[in-house]
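Residue-level structural notes
Listed below are the residues making up each chain.
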Amino acid sequence: MRIIGGKHRGRKLAEFAGDDIRPTSDRVKESLFNILSVRVTGAYVLDLFCGSGNLGLESLSRGAAGAHFNDISRDSLAVLKKNVSAMGVGAACTVTNCDYLACLNAAKRQYDIIFIDPPYRFDYGVPALDTIAARGLLSEGGVAVYERDRAFTGTVNGLEMYDERKYGKTYISFFKMA
């Protein structure tokens, strides 16, 4: 796993041992950031299920103004902190260790990009999207990016899914305020 674009391009990121964690692949990440390209510079990003920080760190490398990383796992945050330190981006980061709904309910700001990449075996994305919409956590023109292993079906009150892409077994759904 590595940073694929921006000023830290090519930097390898610390990873988890074993197969319990599923980071976003470089292929999917490259496509995702090609789609988001004009939105990233100057953006404030929330990496809600951050794991190693792969998506938020890629955003910072590409010019995001700041990133809020959240994960309930202390092991994930230990890996994240190694990556933040190696990249020297600590001043642009906020790190919280709590449940995803607690993180969203405690948010004191709007975000330009919110990455929602929960473990596929749990359906945490829909409650996260519901909370994002109810609390108005997306800035004007902001986007919530939901990664999962199947196409999104249904609706979210207050949000509109405006695009969805499939990369192998991975689906990326894009939401904006309705």
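Residues numbered from 1 in each chain as written. Predicted model: local features only at pLDDT ≥ 70, side-chain atom pairs only at ≥ 80, totals over all residues. Heavy atoms only, no water.

**A closer look at the environment of Gly 42**
Looking at the element boundaries, Gly 42 is found in the loop between helix H1 (26–40) and strand S1 (44–47). Between the C-alpha atoms of Gly 42 and Val 126, which are 84 residues apart in sequence, the distance is 27 Å. Ignoring sequence-local partners within four residues, the contact set of Gly 42 consists of Gly 63, Ala 64, Ala 65 and Asp 112. (Helix = DSSP H or I, 4+ residues; strand = E, 2+ residues; numbered from the N terminus. Contact = heavy atoms within 4.5 Å.)

**Concerning the side chain of Thr 131**
Here Thr 131 shows up in helix H5 (residues 125–135). Using a relative accessible area of 13% as the deciding quantity, one classes Thr 131 as buried. (Buried < 20%, exposed > 50% of the residue type's maximum accessible area, 1.4 Å probe, protein only.)

**Overview of empty space enclosed by the protein**
In total, this model carries one cavity of 30 Å³ or more according to the counting rule given. Put simply, the largest cavity is a space of about 40 Å³. Together, Pro 118, Pro 119, Tyr 120, Phe 122, Asp 123, Tyr 146, Glu 147, Arg 148 and Arg 150 line the largest cavity. Within the lining of the largest cavity, the residues separate by chemical class into five nonpolar, no polar and four charged. (1 Å grid on protein atoms, 1.4 Å probe; cavity = no way out; pocket = protein on both sides within 12 Å on 5 of 7 lines; lining within 4 Å. Points joined across faces, edges and corners; volume = space filled by probe spheres on them. Nonpolar A, V, L, I, M, F, W, Y, C, P; charged D, E, K, R; others polar.)

**Section: the pairing of S1**
Residues Tyr 44 and Leu 46 of S1 are buried on one face, and the alternating residues Val 45 and Asp 47, pointing to the opposite face, are buried as well. Note: S1 against strand S2 (residues 66–70), four bridges, orientation parallel. Across the sheet, residue Val 45 finds its bridge partner in S2, namely Ala 67. One crossover worth recording links S1 to the parallel S2 by way of helix H2 (residues 54–61), and it is right-handed. By the bridge criterion, three bridges tie S1 to strand S4 (residues 111–116) in an arrangement that is parallel. (Pairing = 2+ DSSP bridges. Right-handed = clockwise from strand over helix to strand, strands pointing away.)

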